[in-house]
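# Report on the structure
Next come the chains, spelled out residue by residue.
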Amino acid sequence: MKFFVDTGDIAEIRDLAGTGLLDGVTTNPSLIAKSGRDFLPLIAEICDVVSGPVSAEVAATDYETMIREGRKLSEIADNVAVKVPLTPAGLRVCKELSDSGTMVNVTLCFSAAQALLAAKAGATFISPFVGRLDDVGTDGMDLIEDIMTIYENYDFPTEVLVASVRHPMHIVQAAKIGAHVATCPPNVIRQLYNHPLTDKGLATFVEDWKKTGQTIL
Ligand code: E4P
């Protein structure tokens, strides 16, 4: 499973890139606003730090402006994935950009029917938002299972990018289903490392090693 980080915070991205476990980055207009940074130079900077796909979302909602924005974003770096909303106009932009060799991430997916359309439009990634589905009393993971089944039935190359991840169990459940990617807030990636028995066990080992009076180096 690939791990993307869902943030516009370049310091977090640099830090997580240093783990060697980061495969890509996703951003959205809300995360860009939170970063306080200028969008285009920020995406260029992220693309320098991370060699995997970096999702940069269009701001418009009409086809004509979205396609122009998408082309401009795709020129920032080869690893930009243009992010478009799951609307008729967004999928039209997806088809056109995908046909011309640009990676496209179709975002704001909340149903299997929408995911089927995105795959047919040539999306590189489909982003189902599991946390926001959970928030309204629907199990987001059911959607991941449905999309994986449909994509496998037809050998669609579109990768399922589990989005709106809120906690480590979302990632574990998505991995059990076989989803290709999870994009996670930085704190959730860090939570994956944690287990109290690891901390307790390590403290004991450190103490017991001291008793031996030995050194390895
Ligand atoms: C995905 O690409 C989105 O940016 C993100 O996962 C949305 O998450 P949220 O529901 O926590 O805002």
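That block above? That's the structure.
Let me sum up the structure you'll find in this document. Quantities reported herein were computed from a predicted structural model and do not represent experimental measurements.

## Some details on a nonpolar patch on the surface
On the surface, a cluster of nonpolar side chains totalling about 320 Å² of accessible area is made up of Leu202, Phe205 and Val206. Structurally, Val206 is set in helix 11 (residues 196–212).

## Some words on the site of the ligand
Around the ligand, the neighbouring residues are Asp6, Thr26, Asn28, Lys83, Phe129, Arg132, Ala163, Ser164 and Arg166. Separating an oxygen atom of the ligand from a side-chain N or O atom of Lys83 is a distance of 2.6 Å. Side-chain polar atom of Arg166 to an oxygen atom of the ligand: 3.3 Å apart, as the coordinates give it. A total of 340 Å² of accessible area belongs to the ligand in isolation, and the protein chains cover 85% of it. For the shell around the ligand, the class distribution of residues is two nonpolar, three polar and four charged.

## Some words on the packing of helix 1 (residues 10–17) against helix 3 (residues 39–49)
Close contact between helix 1 and helix 3 brings their axes to 10 Å; oriented N to C, the two are set at 10°. As summarised for this structure, helix 1 and helix 3 are arranged roughly parallel, according to the angle between their axes. Along its contact with helix 1, which presents Ile10, Ile13, Arg14 and Ala17, the element helix 3 presents Leu42, Glu45, Ile46 and Val49. By residue class, the composition of the contact of helix 1 with helix 3 is six nonpolar, no polar and two charged.

## Some thoughts on unusual backbone geometry
At Leu108, a position not held by glycine, the phi torsion is positive, near 65°. With respect to the helices, strands and loops of the structure, Leu108 is situated in strand 5 (residues 103–109). Residue classification places Leu108 among the partly exposed residues on the basis of a relative accessible area of 33%. Residues other than glycine seldom take positive phi values, yet Ser164 does so here, at roughly 60°.

## Considerations on the packing of aromatic side chains
Scanning all chains against the criterion turns up four aromatic pairs. Relative to Phe156, the ring of Tyr154 lies with its centre 6.1 Å away and its plane at 40°, an arrangement referred to as tilted. Overall, Tyr154 belongs to the exposed group, its relative accessible area being 59%. Three or more aromatic residues link up through ring pairs in this structure, and these residues are Tyr151, Tyr154 and Phe156. One residue, Arg92, lies across the ring of Tyr63, its end atom 3.5 Å from the ring centre.

## Details of the pairing of strand 4 (residues 80–85)
Of all six residues in strand 4, six are buried; the element is thus mostly enclosed. Burial along strand 4 is two-sided: the face carrying Val80, Val82 and Val84 and the face carrying Ala81, Lys83 and Pro85 are both buried. Bridging between strand 3 (residues 54–57) and strand 4 involves four bridges; their strand directions are parallel. In the strand pairing of strand 4, Ala56 is matched with Val82. Remark: the strand 3/helix 4 (residues 63–74)/strand 4 crossover connection has right-handed handedness. Bridge count between strand 4 and strand 5: five bridges; the pairing is parallel. What sits directly across from Pro85, in strand 5, is Thr107. A crossover links strand 4 with its parallel partner strand 5, the connecting element being helix 5 (residues 88–99), and its sense is right-handed.

## Remarks on the pattern of salt bridges
Applying the stated rule across the entire model yields eleven salt bridges. In this structure, Arg37 and Glu45 form a salt bridge, with 2.8 Å as the shortest nitrogen-oxygen distance. Judged by its relative accessible area of 29%, Arg37 falls in the partly exposed class. By relative accessible area, which is 24% here, Glu45 ends up partly exposed. Note that Asp208 is salt-bridged to Lys211, the shortest N-O span being 2.8 Å. Of this pair, Asp208 and Lys211 both sit in helix 11, three residues apart, which is roughly one turn of that helix. Taking relative accessible area as the criterion, Lys211 reaches 67% and is therefore assigned exposed. Because the salt bridges share partners, they merge into one network encompassing Glu12, Asp15 and Arg190.

About the criteria used
Residues numbered from 1 in each chain as written. Predicted model: local features only at pLDDT ≥ 70, side-chain atom pairs only at ≥ 80, totals over all residues. Heavy atoms only, no water. Patch = residues over 30% accessible without salt bridge, like charges linked within 9 Å, V, L, I, M, F, W, Y side chains within 5 Å. Areas by Shrake-Rupley, 256 points an atom, 1.4 Å probe, with all protein chains shown as cover. Salt bridge = Lys/Arg side-chain N within 4 Å of Asp/Glu carboxyl O. Helix = DSSP H or I, 4+ residues; strand = E, 2+ residues; numbered from the N terminus. Near = heavy atom within 4 Å. Polar contact = N/O pair within 3.5 Å; in protein donor to acceptor, adjacent residues only side chain to side chain. Nonpolar A, V, L, I, M, F, W, Y, C, P; charged D, E, K, R; others polar. Axes fitted to C-alpha atoms, helices over the stretch in contact; angles between N-to-C directions. Parallel < 35°, antiparallel > 145°, perpendicular 65-115°, else oblique. Contact = heavy atoms within 4.5 Å. Buried < 20%, exposed > 50% of the residue type's maximum accessible area, 1.4 Å probe, protein only. Phe/Tyr/Trp six-rings, centres within 6.5 Å; stacked < 30°, edge-to-face > 60°. Lys NZ or Arg CZ within 6 Å of the ring centre and 35° of its normal. Pairing = 2+ DSSP bridges. Right-handed = clockwise from strand over helix to strand, strands pointing away.

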